[in-house]
Amino acid sequence: MTTAASAQIPRHGIRIVLIWLVLTAIAAPLIVFVLGPHLPPGNMTSEAGSQRDANVLLTALLVPIALLVVTFFVYSFVVFRNRTGGIVDGPPLFGDAGVQLLWIVLTGAIVLALAVWGSYTLIVSSHGAGGGQGPSPVDQPKGHEHALPVQVIAQQWEWTFRYPTYGGFESRDLAIPDNTLVAFHVTSLDITHSFWAYELGVKADAVPGVDDIAYVNARHTGFFQIRCAELCGLWHAHMAKKGRVLSLPAFQAWIKAAKQKNAVVQKYLAPYSDVYFPAPLRRAG
Ligand SMILES: [Cu+2]
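Residues numbered from 1 in each chain as written. Predicted model: local features only at pLDDT ≥ 70, side-chain atom pairs only at ≥ 80, totals over all residues.

Novice: How would you summarise the environment of Glu230 if you had to cite specific residues and measurements?
Specialist: Summarising the element assignment, Glu230 is placed in the loop between strand E9 (222-228) and strand E10 (241-246). Look at Glu230 and you get partly exposed, because 19 C-beta atoms sit within 10 Å. Excluding anything up to four places from it in sequence, Glu230 contacts Thr192, His193 and Ser194. (Helix = DSSP H or I, 4+ residues; strand = E, 2+ residues; numbered from the N terminus. Buried ≥ 20, exposed ≤ 12 C-beta atoms within 10 Å, placed from the backbone. Contact = placed C-beta atoms within 7 Å.)

Novice: Explain the sheet that holds strand E5 (residues 181-188) residue by residue, including any values.
Specialist: With mixed pairing, five strands are arranged side by side in an open sheet as E3-E2-E1-E5-E8. In the strand order of this sheet, the two ends are held by strand E3 (169-171) and strand E8 (212-217), each with one partner. Averaged over neighbouring strand pairs, the angle between their axes works out to 30° when direction is ignored. Both E5 and E8 contribute to a ladder of six bridges, which runs antiparallel. If you follow His185 over to E8, its bridge partner there is Ile213. (Pairing = 2+ DSSP bridges. Axes fitted to C-alpha atoms, helices over the stretch in contact; angles between N-to-C directions.)

Novice: Help me get a handle on unusual backbone geometry, residues and values and all.
Specialist: Residue Pro40 is joined to Pro41 through a cis peptide bond whose omega torsion reads 0°. Cis geometry marks the peptide bond from Gln156 to Trp157, where omega comes out at -5°. Relative to the helices and strands, Trp157 is located in the loop between strand E1 (148-155) and strand E2 (158-163).

All we've got here are geometric facts, nothing functional implied.
Have a look at this one:
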């Protein structure tokens, strides 16, 4: 490399950093304030809200890194183009200890900080919602002992729901009250499924013989999607329905009507329990 060319390097570096800073200053507020509110899974529950905040932070952190790479490439394509027409090899590069060290320290710090923050969010601030931590989540939300229990039962290929506070009746529809802490007790009758209530920010494994608890506190009324998030056989994709968050009076009215509607099957149901054993197991015994 000629002396003149080497002298140009800091100037190019400063220009790239300046362009990158301007682009980042434009992109960061757009991500946080314009794109952020629309990122999944929304804000229907406090648990979903904390997951959305995680998505906003990750996007806001990753976009400057992507912009730096793109800026460097575009700048290089434009400025360092070979305009002579002939095929000329560029000067050989033999590494740069400073840049390498900076790269390792910076990326290492970002990854470690995200790992610490991600673990904290998963374990503490999301209260085990969707963490699938089994019957005793590492962290439980305040007042969890007074949470409204709703049992979610998966089987090939249907979801049913039981309300132990209201006599343990079983319903094919799911409704929960707003501004109330709800404890989903997710289990399965046959094989492994996964209860994914998208807008609630809940994804909990449904495993036979396991009572998997996930808490949610819905901020407002509305519909939410329920899906099975574990490939569970031929009609896996049919394990989809809509759940509802109702106001407390509407929920109580719904409970009354649903209990009445499902009363005919009540006598065929097993008594309410944390888990149930599927018929083949019972036959084997
Ligand atoms: Cu399933």
